[in-house]
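Each chain is listed here by its residues.
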Amino acid sequence: MGIAAMENNDDMFFGDMSHQNDSLPVKENEAKGMGTLFILSGPSGVGKGTLRKAIMDLGNISFAVSCTTRPPREGETDGIDYRFITSEEFNVMLDKSLFLEHAFVHDYMYGTLLSDVENVLKSGEDIILEIDVQGAFQVKSKMDCISIFILPPSIETLEDRLRSRKADSDERIILRLKNAEYEISRSGEFDHSIINDSLSQAIDELKSIIISYRNYYGGKNK
Ligand code: 5GP
């Protein structure tokens, strides 16, 4: 479905797309005592950041601060929200193979440092990445991980959220919605998906997914 069709379709809801795989995957390649890698993915504006921040009170979980060539938005802090770097710096790091994954998203480069992920997992702590679907598939092909996709209740809600945060021009909002269409089409390839309609319910669902893996791996691998 194209963006024009999406704009005309008031009934485009994702209520039937939420899913959970029946069996929990076994961490085959990880040594006993290592943390678990969680990937949080989904369209821009769906609320990944809010959800991620809300689950940090579980403890024993770190957030991998990505590198990006995007300029900081108002209220964002270097080293906390992102590591804001230049395209030249990004390319040098790419040449040195420092990224576990990287992607070109909405005109800017984004990447997760491999060392960040490895260090946290080796320490026994869990880590959560907040990345786009291109990056999620790269990580899935390289490491044992649990992938979680966040869906908006509808495309209209996503558009409202993107517009209300006033961070993007009309043109960029259209671009983000076009990318959202593609990303949502791949949500079925994730281990879990959560619809972010009621924020408190979505937080509870995300926490219970993480806790269920902790309980499971606590018995199997640790
Ligand atoms: P934003 O510019 O809105 O902060 O992020 C744009 C998109 O890039 C979001 O979907 C966000 O999750 C994703 N993103 C943020 N960091 C990374 C990263 O390190 N790698 C990848 N592949 N995507 C990222």
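Residues numbered from 1 in each chain as written. Predicted model: local features only at pLDDT ≥ 70, side-chain atom pairs only at ≥ 80, totals over all residues. Heavy atoms only, no water.

(A) Quick peek at helix H6 (residues 155-164). Within H6, the full set of buried residues consists of Ile 155, Leu 158, Glu 159 and Leu 162. Buried residues in H6, looked at end-on, bunch into an arc of 100°, giving them a common side. Exposed and facing more than 90 degrees away from the buried side of H6 are Asp 160 and Ser 164. Following H6 by one or two positions, Lys 166 has its phi on the positive side, about 50°. (Buried < 20%, exposed > 50% of the residue type's maximum accessible area, 1.4 Å probe, protein only. Helix = DSSP H or I, 4+ residues; strand = E, 2+ residues; numbered from the N terminus. Arc of directions from axis to C-beta.)

(B) Geometry of the nonpolar core. Residues Leu 37, Phe 38, Val 117, Leu 129, Val 139, Ile 148 and Leu 206 are the most contacted members of the largest nonpolar core, which totals 47 residues. No other element matches helix H8 (residues 199-220), which puts 7 residues into this core. Contact partners of Ile 148, with chain neighbours within four places excluded, come to Phe 38, Ile 39, Leu 40, Ser 41, Phe 190, His 192, Ile 194, Leu 206 and Ile 209. Ranked by size, the runner-up nonpolar core spans 7 residues in total, among them Cys 67, Ile 85, Met 109 and Leu 113. (Core = buried A, V, L, I, M, F, W, Y, C linked by side-chain atoms within 4.5 Å. Contact = heavy atoms within 4.5 Å.)

(C) Here's a closer look at the pairing of strand E8 (residues 146-151). Among the 6 residues of E8, 6 are classified as buried, and the element is accordingly described as predominantly covered. Of the two faces of E8, the one carrying Ile 146, Ile 148 and Ile 150 and the one carrying Ser 147, Phe 149 and Leu 151 are both buried. Judged from the 4 bridges that link them, strand E1 (residues 37-41) and E8 form a sheet pairing that is parallel. Within the sheet, the bridge partner assigned to Leu 40 lies in E8 and is Ile 148. As paired elements, E8 and strand E9 (residues 192-195) share 4 bridges and run parallel to each other. For Phe 149, the partnering residue across the bridge sits in E9 and is Ser 193. (Pairing = 2+ DSSP bridges.)

(D) Geometry of the pattern of salt bridges. This model, assessed by the stated rule, comprises 12 salt bridges. With a closest N to O distance of 3.0 Å, Lys 207 and Asp 57 form a salt bridge. Taken as a pair, Lys 207 in helix H8 and Asp 57 in the loop between helix H2 (48-55) and strand E2 (61-63) lie far apart in primary sequence, 150 residues in all. A relative accessible area of 59% places Asp 57 in the exposed class. As a salt-bridge pair, Arg 73 and Glu 76 come within 3.9 Å of each other at their nearest N and O atoms. Judged by relative accessible area, which is 25%, Arg 73 ranks as partly exposed. When salt bridges with common partners are traced through the structure, they connect Asp 107, Asp 168, Arg 172 and Arg 176 into a single cluster. (Salt bridge = Lys/Arg side-chain N within 4 Å of Asp/Glu carboxyl O.)

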